[in-house]
Amino acid sequence: MNGFRNGLSESFSHTIVLCVAPVPRQVCDNLQALCGSLEGSEVPAALLEGAVLTRESMQAALERHGVERHDPPAGARFDPSLHEAMFTAPLSDGAAPGTVSSVFRPGYTLHGSHILRAAQVGVFVGEAQQQPPPDADAEGEGEAAAAAAA
C-alpha cells in the first residue's frame, strides 16, 4: 500500500509541476529581459545586482523541482525535438547549415526528459561553401604558370 501511495504522490507532484511550470518560466524570461535591458544602462548597480540575484533565485527554485533550462550553444545542430525555429539566418563564416545561430528564448525540460518548452532559436540556412583540397592551389598555380609560359 505504501508503494501505491508513494507512486500516487509522485504522480500528483509531477502533474502539479506541469500545470504551474509556465508561470515561473515566464517570470524567468521576464527577469532575463530585465537584466539584459539594465546591463550597460545608467541605473544603480544595486538595481542590476538585485535583478540578477532574483533571476538566479528563481532558476534555482525551478531546478530544485526538476525543471532544467536548455540553452543550446551557437553552432549546435538544430534538433526539432528540442528546438523551435523562430527565424533563419544566412550562413556566416565558419557556420554550417542547419545549426543554431542564436537563442531567442531558452527551453525548459522536466527531469531532463519531458520538454516543457522547446528552445526558440534562429537557424543558419544556405549552402556551405566547399573548401578546395589543399593540393588544388598548388596544381592551379602550376597550370597557370604553364599557360603563361606558352
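These remarks concern the structure in this document. (Residues numbered from 1 in each chain as written. Predicted model: local features only at pLDDT ≥ 70, side-chain atom pairs only at ≥ 80, totals over all residues. Heavy atoms only, no water.)

Time to look at the side chain of Arg55. Tracing the sequence through the fold places Arg55 in helix α3 (residues 45–64). At 4.1 Å, Glu56 is the nearest oppositely charged side chain to Arg55, a buried residue that forms no salt bridge. Polar contacts involving the side chain of Arg55 include one to the side chain of Gln32, which spans 3.2 Å. Residues within four places of Arg55 in sequence aside, it is in contact with Leu31, Gln32 and Cys35. (Helix = DSSP H or I, 4+ residues; strand = E, 2+ residues; numbered from the N terminus. Buried < 20%, exposed > 50% of the residue type's maximum accessible area, 1.4 Å probe, protein only. Lys, Arg positive; Asp, Glu negative; His and termini not counted. Salt bridge = Lys/Arg side-chain N within 4 Å of Asp/Glu carboxyl O. Polar contact = N/O pair within 3.5 Å; in protein donor to acceptor, adjacent residues only side chain to side chain. Contact = heavy atoms within 4.5 Å.)

Taken in spatial order, the three strands line up as β1-β4-β5 in an open sheet, and their pairing is antiparallel. Strands with a single pairing partner mark the edges of an open sheet, and in this sheet they are β1 (67–70) and β5 (114–117). Each strand of the sheet is rotated relative to its neighbour by a mean of 35 degrees, with strand direction disregarded. Of the pairings in the sheet, the one linking strand β4 (residues 107–110) to β5 comprises three bridges and is antiparallel in character. (Pairing = 2+ DSSP bridges. Axes fitted to C-alpha atoms, helices over the stretch in contact; angles between N-to-C directions.)

Here the focus is α3. In a regular helix each residue adds 1.5 Å, so 20 residues correspond to 28 Å; α3 covers 29 Å between its end C-alpha atoms and thus fits that length. Among the residues making up α3, those that are buried are Ala51, Val52, Arg55, Gln59 and Leu62. On an axial view of α3, the arc spanned by its buried residues comes to 95 degrees, and they lie on one face. Turned more than 90 degrees away from the buried face of α3 sit Ala45, Ala46, Glu49 and Arg64, all of them exposed. Once α3 finishes, Gly66 follows within two positions and takes phi at roughly 90 degrees, a positive value. (Expected span 1.5 Å × (residues − 1). Arc of directions from axis to C-beta.)

Once that is clear, we can look at the pattern of salt bridges. The final tally for this structure, using the stated rule, is three salt bridges. As a salt-bridge pair, Arg117 and Asp29 come within 2.7 Å of each other at their nearest N and O atoms. Of this pair, Arg117 sits in strand β5 while Asp29 sits in helix α2 (residues 22–38), placing them 88 residues apart in sequence. In this structure, a network of salt bridges that share partners links the residues Asp29, Arg105 and Arg117.

Within the largest apolar cluster, six residues are counted, these being Cys28, Leu62, Val67, Tyr108, Leu110 and Leu116. By size, the runner-up hydrophobic cluster in this structure holds five residues, among which are Val100, Ala119, Val121 and Val123. (Core = buried A, V, L, I, M, F, W, Y, C linked by side-chain atoms within 4.5 Å.)

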